[in-house]
Structure formats: structure tokens, C-alpha cells
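Take a look at the letters that make up each chain.
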Amino acid sequence: MKRRSLPVAAALATTAALLLTACGGEDDKSSDSDKIAGADQGGAEESASPSASASDTAERPKITLAEDMENVFEGGKTGDAVKDAILYDNTQAVSAMDEAIYTRSLQKPSFGTYLADDAARDAAVWVQGFYDDGITWTGKVRYYDREITSLEKNVATLTYCSDESKSFNKNLKTGKTSGAVSDPDDYVVFYNTRLKKDAKGIWQTTDLISKRGASQCQ
């Protein structure tokens, strides 16, 4: 089963991180048998994410996720302070969306801190779909091949892949989860994102394109 799609944004056909492509058509709803991906911040070797730059004085809200949500971010440190800050804030944007799913609230400070413009609007619609369907997610998602492909002044482009094979939809009423899938087209996703540094020094995700089953990630 494939995941729900976010609405398409104007110029960039935006979908939020951890996107879902509907099982069937765009109007289909996610069901208990769908499998989804989410995010938490991993803490060991592979999952280590860069910390915010010491020169960054922006207030950063704490993000709270369920204990059964885990996100592994690979390639967190580059040795370049600016690039490391971009990679860090990317992980926070992913986690902010998952916090909204977990807490059943779009009003958490992290959401508006790390997401803006088309990405924020589409992510809000995407998260609302989880509420409407009475589901959350459980498991682990691995993010890899994270690469900053362009960086000009306060605007950056970041591409990366996700492996969602170990994450699953969970029905909030029954607690039942979906089964595993074996086809990479169902759980491998390629992301192309645009980030812009705001006045507080935070690299907000403003646009997000995704492609499920992309050859770049297989």
C-alpha cells in the first residue's frame, strides 16, 4: 500500500517530508493497512545529527515524539558550520511534522519555526489527514544521501532519500499496525527541498518535492 499525497503546491508540486502517496487515487484515504514514515531524532553513530551552531542564538522549541517513533539521520556533519546548520534544521523540520502527528496538534511551536510558505501549508493539510483517518505511525525511518546541492547567501537546496520499510501506520483506536512491504517503490522516497534562513538564523523548509520509488534512492 502506498502513502497519502500532500496537495500539490503551486510551482514546486510540493509534498511534505515523510510524504504519502495514496493507495489507488489521490482521493483515497489512508487505511489501517497503510504504512507510513515519521521522525524522531536518533542518537547514536548513524543517527547523529549536527547540533545547532554555537553562533545561532535563535530560540529553538523542544520537539516531543512518541517513544515508538525513531528517525535515523545519516551524514550529519560536514565540517562546514553553515552546511551543518542547514542539515540540522532539516532534521528539525521533519521532526516538527511528526510531532504534530503524535500530539494531534498543529499549534506546536516547532511547526511554524521550521516550516514556512508552501511547505508549511501543505504539511498542515497532510498532517490533518492523519487526524481525519484516526491514525498515527510507529517504527523507524532512515534518512540517507543527504546532500546540499546549492547554497547561495541565505537560500539552500537539499536533497535526500528515506527508507520507510520499518515504519507503519497505527490505528489509534485498535492499536493495529500495517504489515511490511518488500517493493522499494512502496517505501523508498527521494526528496528535493528548498530552505531559507530567516531573521532569527533558522533554516526554514519552504518548499518540498518528493518522488516515491525514485531510482536515485535504490
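For the structure itself, look to the data block above.
This is a predicted model, so every value here is computed, not measured.

Draft legend 1. Here's a closer look at the environment of R146. Turning to its location among the elements, R146 is positioned in strand 2 (residues 135-152). Between the C-alpha atoms of R146 and Y191, which are 45 residues apart in sequence, the distance is 9.3 Å. A polar side-chain atom of R146 sits 3.2 Å from the main-chain carbonyl oxygen of L87.

Draft legend 2. Spotlight on the pairing of strand 1 (residues 69-73). The element strand 1 is largely enclosed, with a buried count of 4 among its 5 residues. Sheet analysis places strand 1 next to strand 2, joined by 5 bridges and oriented parallel. If you follow E70 over to strand 2, its bridge partner there is K140.

Draft legend 3. Seen up close, the pattern of salt bridges. Counted by the stated rule, this structure contains 7 salt bridges. With a closest N to O distance of 2.5 Å, R121 and D118 form a salt bridge. Residue R121 and its partner D118 are located together in helix 3 (residues 117-133), separated by 3 residues, close to a single helical turn. In the salt-bridge network here, residues are joined through shared partners; they are E74, R142 and D163.

Draft legend 4. Main features of the pairing of strand 4 (residues 188-197). Judged from the 9 bridges that link them, strand 3 (residues 155-171) and strand 4 form a sheet pairing that is antiparallel. For C161, the partnering residue across the bridge sits in strand 4 and is F190. Examined bridge by bridge, strand 4 and strand 5 (residues 203-212) share 9 bridges and lie antiparallel to one another. Paired with K196 across the two strands is Q204, which belongs to strand 5. Joining the antiparallel neighbours strand 4 and strand 5 is a turn of 5 residues, in which G201 adopts a positive phi near 95°.

Draft legend 5. Molecular detail of the packing of helix 1 (residues 81-103) against helix 3. The contact between helix 1 and helix 3 brings their axes to 9 Å, and the two run at 30°. The orientation of helix 1 relative to helix 3 falls into the category roughly parallel. Both helix 1 and helix 3 take part in a crossing whose hand is right-handed. Between helix 1 and helix 3, the residues in contact are M97, A100 and I101 and A123, W126, V127, F130 and Y131, respectively. Here the residues of the contact of helix 1 with helix 3 sort into 8 nonpolar, no polar and no charged.

Draft legend 6. Quick peek at helix 1. Taking 1.5 Å of rise per residue, 23 residues should cover 33 Å, and helix 1 covers 32 Å from first to last C-alpha, within 8% of that figure. One side-chain oxygen at the N-terminal end of helix 1 lies 3.0 Å from the backbone nitrogen of V82; it belongs to D80. Downstream of helix 1 by one or two residues, R104 has phi in the positive range, about 60°.

Draft legend 7. Here's a closer look at the packing of aromatic side chains. If you walk through the whole model with that rule in mind, you get 5 aromatic pairs. With a centroid separation of 6.5 Å and 40° between ring planes, the pair formed by Y143 and Y191 is classed as tilted. With a gap of 48 residues between them, Y143 in strand 2 and Y191 in strand 4 connect regions that are remote in the sequence. Put simply, the rings of F73, Y143, Y160 and Y191 pair up and form one aromatic cluster.

Draft legend 8. Main features of the nonpolar core. Membership of the largest hydrophobic core comes to 22 residues, with the highest contact counts inside it found for M97, I101, F111, L115, W126 and V127. Those elements giving two or more residues to this core turn out to be helix 1, helix 2 (109-114), helix 3 and strand 2. At 7 residues, helix 3 tops the list of elements feeding residues into this core. Each residue touching V127, except ones within four places of it in the same chain, is listed here: M97, A100, I101 and L106.

Draft legend 9. Expanded view of the state of the cysteines. On inspection of all chains with the given rule, the structure shows 1 disulfide. Paired through a disulfide, C161 and C217 show a sulfur-sulfur distance of 2.0 Å. Looking down the S-S bond of the C161 and C217 bridge, the torsion is -80°, so its handedness is left-handed. Placement of the pair is C161 in strand 3 and C217 in the segment after strand 5, with a sequence separation of 56 residues. Across the pair, C217 and C161 agree in class, each one buried.

Rules used in this analysis
Residues numbered from 1 in each chain as written. Predicted model: local features only at pLDDT ≥ 70, side-chain atom pairs only at ≥ 80, totals over all residues. Heavy atoms only, no water. Helix = DSSP H or I, 4+ residues; strand = E, 2+ residues; numbered from the N terminus. Polar contact = N/O pair within 3.5 Å; in protein donor to acceptor, adjacent residues only side chain to side chain. Buried < 20%, exposed > 50% of the residue type's maximum accessible area, 1.4 Å probe, protein only. Pairing = 2+ DSSP bridges. Salt bridge = Lys/Arg side-chain N within 4 Å of Asp/Glu carboxyl O. Axes fitted to C-alpha atoms, helices over the stretch in contact; angles between N-to-C directions. Parallel < 35°, antiparallel > 145°, perpendicular 65-115°, else oblique. Left-handed = near helix turned anticlockwise from the far one by under 90°. Contact = heavy atoms within 4.5 Å. Nonpolar A, V, L, I, M, F, W, Y, C, P; charged D, E, K, R; others polar. Expected span 1.5 Å × (residues − 1). Phe/Tyr/Trp six-rings, centres within 6.5 Å; stacked < 30°, edge-to-face > 60°. Core = buried A, V, L, I, M, F, W, Y, C linked by side-chain atoms within 4.5 Å. Disulfide = S-S within 2.5 Å.

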